[in-house]
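This is what each chain is made of:
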Amino acid sequence: MGGANWLERDEREAEENPSRAIQLLQLEKGMVVADIGAGSGYYTLRIAPVVGPTGKVFATDIQPEMLSLLKKRMRQQKISNVEPVLGNEKDPKLPAKSCDVILMVDVYHEFSHPQVMLSNLRAALKDDGRLILLEYRKEDPYVPIRPEHKMSVKEAKLEVEDEGFVLDTVNEDLPWQHILIFKKTS
């Protein structure tokens, strides 16, 4: 199933420190978060308890099989504040101005239509919302990921800012990834 084993590998906590990543996102109870390219729900199911029962997580993916796996895991873990959403390569299928945070973990570089997708993500983001990319650091030759699966801060800034965003914060506290936080321009 399209990479579920890679997403759920035991080494991921040591390699990427997703627990720390979630702390650094500064999520709060009651927030609405979209996990774009949610896959099997690795981040989704860790974010759901953080935003709590008054919050919500949209888990979007383009693979129905991944969403089926996510739904199974939601039932097993008794998580009810996640809404799986089948998007497509151009549209995450999110309601307008619904999200406080839109998160993409090692996903942005995979987009086949990044400009169209960013436009649709921008429409789904609240005016004061944050678009957050976690991407493997291209600048670091010691990050053991193939170059086509890495992004530099410069590349991300150039592409994302062209679509109505401004880079607000760069955080390098994770072992292999940047946390790039963008805000909407007016």
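Residues numbered from 1 in each chain as written. Predicted model: local features only at pLDDT ≥ 70, side-chain atom pairs only at ≥ 80, totals over all residues. Heavy atoms only, no water.

The residue Lys184 is located in strand S8 (residues 177-184) in this model. Reaching out from Lys184, the side chain makes a polar contact with the backbone oxygen of Arg122 at a distance of 3.1 Å. Within the structure, the side chain of Lys184 is placed 2.8 Å from the backbone oxygen of Leu125, a separation counted as a polar contact. If near-sequence neighbours (up to four positions away) are discounted, Lys184 is found in contact with Arg122, Leu125, Lys126, Asp127, Gly129, Gly164 and Phe165. (Helix = DSSP H or I, 4+ residues; strand = E, 2+ residues; numbered from the N terminus. Polar contact = N/O pair within 3.5 Å; in protein donor to acceptor, adjacent residues only side chain to side chain. Contact = heavy atoms within 4.5 Å.)

Right, let's get into the packing of aromatic side chains. Tallying each qualifying case throughout the model produces three aromatic pairs. Here the aromatic rings of Tyr108 and Phe111 are separated by 5.4 Å at their centres, their planes lie at 70°, and the arrangement is edge-to-face. Residue Tyr108 is classed as buried on the basis of its relative accessible area, which comes to 3%. Under the relative-accessibility criterion, Phe111 is labelled buried at 15%. Between Arg46 and the ring centre of Tyr42, over which it is positioned, the NZ or CZ distance is 3.6 Å. (Phe/Tyr/Trp six-rings, centres within 6.5 Å; stacked < 30°, edge-to-face > 60°. Buried < 20%, exposed > 50% of the residue type's maximum accessible area, 1.4 Å probe, protein only. Lys NZ or Arg CZ within 6 Å of the ring centre and 35° of its normal.)

Here we come to the pattern of salt bridges. Under the counting rule described, the total for this entry stands at 11 salt bridges. Across the pair Lys56 and Glu83 runs a salt bridge, and its minimum N-O distance is 2.6 Å. Taken together, the residues Lys56 in strand S2 (residues 56-61) and Glu83 in strand S3 (residues 82-86) connect sequence positions 27 residues apart. The partly exposed category is assigned to Lys56, whose relative accessible area is 28%. For Glu83, a relative accessible area of 33% puts it in the partly exposed group. Between Lys138 and Glu155 there is a salt bridge whose closest N-O contact spans 2.8 Å. Of the two residues, Lys138 sits in the loop between strand S5 (125-137) and strand S6 (150-151) while Glu155 sits in helix H7 (residues 153-161), which places them 17 residues apart along the sequence. For Glu155, a relative accessible area of 28% puts it in the partly exposed group. (Salt bridge = Lys/Arg side-chain N within 4 Å of Asp/Glu carboxyl O.)

Geometric values such as these leave the question of function open.
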